[in-house]
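Spelled out, the chains give:
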Amino acid sequence: MKIIVLGAGQVGSSVATALANETDNSVTVVDTDADALSWLQDRLDLRTVHGLGSRPDVLEEAGAGDADVLIAVTSSDETNMLACQVAWTLHHTPTKIARIRATDYQDHPALFDKAAIPVDFIISPERLIKDYIASLIEYPDALQVREFGDGRLLLIGMEVDRGGPMVGEPIHRLRDLLPGIEARVAAIYRHNTSVPPEGDTRLLAGDEVFFLARKGDIRRVMSVMRPLDKPYKRIMIAGGGNVGGALAGRLESDYQVKLISHNLRRARELSATLDRSIVLSGNASDTELLEEENIEDMDVFLALTNDDEDNILASMLAKRLGARRAMCIVNRTEYVDLIEMGAIDIALSPHQITIGEVLTHLRRGDVVSVHSLRRGAAEAIEIIARGDENTSRVVGRRIDELDLPRGTTIGAILREDEVMIAHHDTVIESDDHVVLFLTDKDRIDGIEQLFSVGFGFF
């Protein structure tokens, strides 16, 4: 595909990197920051254009005349919307994706119509990270949580603990330990290396395991991987921006929430809009403030400011002062590596979550959702099987008959209102939603070809 990315900031550069590293993509990045463009061009095989992405002459230079996709992810909602309008009016660009941060715009979907502002898909990194954090809080022992089938099926990533019943046991023992419950281990990572999840593969302490199960069965399955922590009750949020404020509003009805904002004016605004949360004005890296607010009693400390360094320092301090679990937003990938070796429990990457949303709209075939995992190395995909036995390579066939790319696991089938954990003899039917896990996302072309519909296969 020929793809134009407007914006070389944190979101734009992450999206451009993910797309440029895939074969058969021609990526052009547009930005007013020449240094940011130079940095990208030195590291990736892509074109850059210096200028304002909403201007017709800049879009023309970027190749909008024959582009397949425009991804407008600058820091300005208005620039992103205008760029989509210009691309459609002058070039009829087929797919237009825009980052829209302001809820005022998002609350009026009629604005984003071909007859108004022609945006095909809206992405909001702030909303995505807020929803993701809420999922992690709901499942305290999880390292990653992804939903399929409108939340009926969950993919959980967690670390196997020495105290778990499955330690040292082969995967097929799950059936004995969980009678009446079906779950599918989709992937195992041991010392950052993928281990095939065969029935006789034994789980070891420290393994990172990804498994699929129905939402109602998730906690039971998690309990055989490690002794479960108590549910969270008390949460402290550092950062009163779009993410922190919205998350406090979402959580305050079910949890005791304290929010710290370094901006006094913003703290007053949040205090007036939030119903039950306690809003404080101060520095989240202030030891005295954290101790006064009983940080040692907090189940979760969340550092959600726009500054990576502040987030890391505040999280490390909160953990040292006794917070049960610490998570923080980190945009720079090199910091993620450091965090995983330290005291912070989970590093949250808005850009990896955003990339999954973007890829959902770019994958060939009838893709419902894409989740980028393990910093982009792996993917979980929900894709619809179309056609019949004569036009499809998957419809009417057992899973063990499929020519799946190496490292691919089919974990579940969503058939109308039914959630089916996949087995080797499960037969795929037309219109099934198939949930797959790829340990190597570079093999996505094989999945797209396998699920394509055509003629003359037999």
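See the structure printed just above.
Residues numbered from 1 in each chain as written. Predicted model: local features only at pLDDT ≥ 70, side-chain atom pairs only at ≥ 80, totals over all residues. Heavy atoms only, no water.

Colleague: Break down the sheet that holds strand E8 (residues 153-159) for me, citing the residues and quoting the values.
Modeller: In space, the five strands of this open sheet follow the order E7-E8-E11-E9-E10, with antiparallel pairing throughout. Of all strands in the sheet, those bounded by a partner on one side alone are strand E7 (144-148) and strand E10 (193-195). Strand-to-strand twist of the sheet, defined as the mean angle between neighbouring strand axes without regard to direction, takes the value 20°. The pairing of E8 with strand E11 (residues 208-214) spans seven bridges and is classified as antiparallel. Across the sheet, Glu159 pairs through a bridge with Glu208, a residue of E11. Against the sheet, helix H8 (residues 218-225) makes contact with E8, strand E9 (183-190) and E11, and its axis sits at roughly 155° relative to E11, the strand it touches most. (Pairing = 2+ DSSP bridges. Helix = DSSP H or I, 4+ residues; strand = E, 2+ residues; numbered from the N terminus. Axes fitted to C-alpha atoms, helices over the stretch in contact; angles between N-to-C directions. Contact = heavy atoms within 4.5 Å.)

Colleague: Quick one: what's the story with the pattern of salt bridges, residue by residue and with numbers?
Modeller: Counted by the stated rule, this structure contains 27 salt bridges. Arg266 is paired through a salt bridge with Glu269; the nearest N and O atoms lie 3.4 Å apart. A residue pair is termed a helical-turn pair when its members lie 3 or 4 positions apart in one helix, as Arg266 and Glu269 do in helix H10 (residues 264-273) at three residues. Glu269 sits in the partly exposed class, given a relative accessible area of 37%. A salt bridge links Asp440 to Arg443; the shortest N-O distance between them is 3.8 Å. What you see here is one network of salt bridges that share partners, running through Arg127, Lys130, Asp131 and Arg250. (Salt bridge = Lys/Arg side-chain N within 4 Å of Asp/Glu carboxyl O. Buried < 20%, exposed > 50% of the residue type's maximum accessible area, 1.4 Å probe, protein only.)

Colleague: I'd like a rundown of the nonpolar core, residues and numbers included.
Modeller: Ranked by size, the top nonpolar core spans 53 residues in total, and within it Phe211, Met225, Ile237, Leu302, Leu304 and Leu348 carry the most contacts. No other element matches helix H6 (residues 125-138), which puts seven residues into this core. If you look at the next biggest cluster of nonpolar residues, it comprises 46 residues, including Ala16, Ile71, Ile355 and Leu450. (Core = buried A, V, L, I, M, F, W, Y, C linked by side-chain atoms within 4.5 Å.)

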